[in-house]
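Observations on the model geometry
Each chain, letter by letter, is given below.
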Amino acid sequence: QVQLVASGGGLVQPGGSLRLSCVASGFTFSIYTMSWYRQAPGKERELVARITGGGRTLTYADSVKGRFTISRDNDKNTVYLQMNSLKLEDTAVYYCSALLKWGQGIQVTVSS
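One structure accompanies this document, and this report is about it. Worth saying up front: this structure is predicted, and the values here are computed from it rather than measured. (Residues numbered from 1 in each chain as written. Predicted model: local features only at pLDDT ≥ 70, side-chain atom pairs only at ≥ 80, totals over all residues. Heavy atoms only, no water.)

**Quick word on the pattern of salt bridges**
Under the criterion given, the structure shown has 4 salt bridges. For the salt bridge of Arg38 with Glu46, the shortest nitrogen-to-oxygen distance reads 2.7 Å. Judged by its relative accessible area of 33%, Glu46 is partly exposed. Its salt-bridge partner being Asp90, residue Arg38 comes within 2.9 Å of it at the nearest N-O pair. Taken as a pair, Arg38 in strand E4 (residues 34-39) and Asp90 in the loop between strand E8 (78-83) and strand E9 (92-98) lie far apart in primary sequence, 52 residues in all. Classification of Arg38 by relative accessible area gives buried; the value is 5%. Salt bridges sharing common partners tie together Arg38, Glu46, Arg67 and Asp90. (Salt bridge = Lys/Arg side-chain N within 4 Å of Asp/Glu carboxyl O. Buried < 20%, exposed > 50% of the residue type's maximum accessible area, 1.4 Å probe, protein only. Helix = DSSP H or I, 4+ residues; strand = E, 2+ residues; numbered from the N terminus.)

Dropping the structure here:
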């Protein structure tokens with residue numbers, strides 16, 4: 001079955017960086033689009049970034065363009081989210097997603 005295991009969250013100051021990773025198993029990773037979503041307290045879950053199987057097409061929420069980068073390593077069945085210039089409003093639980101499945105949420109807190 002599909003399994004998605006995320007890691008890399010934590011507490012960071014505004015302007016700092018974090019890299020999230022999500023290791024996938026149970027499906028042919030290299031042919032499927034992978035996505036990162038987030039959900040802040042009191043808000044709906046929203047798409048942060050998406051990458052197609054071959055990595056050619058990247059999609060970003062307007063709020064993270066120029067600051068976040070999604071990438072993938074198909075040899076390692078892993079998708080990454082590099083988050084730079086973090087802002088207070090990036091605080092949320094982040095989820096990786098594929099094939100309508102979700103990984104466990106991982107907390108990212110941006111605070112001074």
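**Some thoughts on the sheet that holds strand E7 (residues 68-73)**
Here we have 4 strands laid out as an open sheet, ordered E1-E3-E8-E7, and antiparallel in their pairing. The open sheet has two free edges, formed respectively by strand E1 (3-7) and E7, since each of these has just one partner strand. Across the sheet, the mean angle separating the axes of adjacent strands is 15° when strand polarity is ignored. (Pairing = 2+ DSSP bridges. Axes fitted to C-alpha atoms, helices over the stretch in contact; angles between N-to-C directions.)

**Some details on the side chain of Ser35**
Tracing the sequence through the fold places Ser35 in strand E4. Classification of Ser35 by relative accessible area gives buried; the value is 5%. At 3.0 Å, the side chain of Ser35 forms a polar contact with the side chain of Arg50. Leaving out residues up to four positions away in the same chain, Ser35 has contacts with Leu47, Ala49, Arg50, Tyr95, Cys96 and Ser97. (Polar contact = N/O pair within 3.5 Å; in protein donor to acceptor, adjacent residues only side chain to side chain. Contact = heavy atoms within 4.5 Å.)

**Let's talk about the nonpolar core**
Grouped together as the largest cluster of nonpolar side chains are 31 residues, with contacts concentrated most on Trp36, Leu81, Met83 and Tyr94. Apart from the residues within four sequence positions on either side, Leu81 is in contact with Leu18, Arg19, Leu20, Trp36, Val48, Ala49, Phe68, Thr69, Ile70 and Tyr94. (Core = buried A, V, L, I, M, F, W, Y, C linked by side-chain atoms within 4.5 Å.)

Geometric values such as these leave the question of function open.
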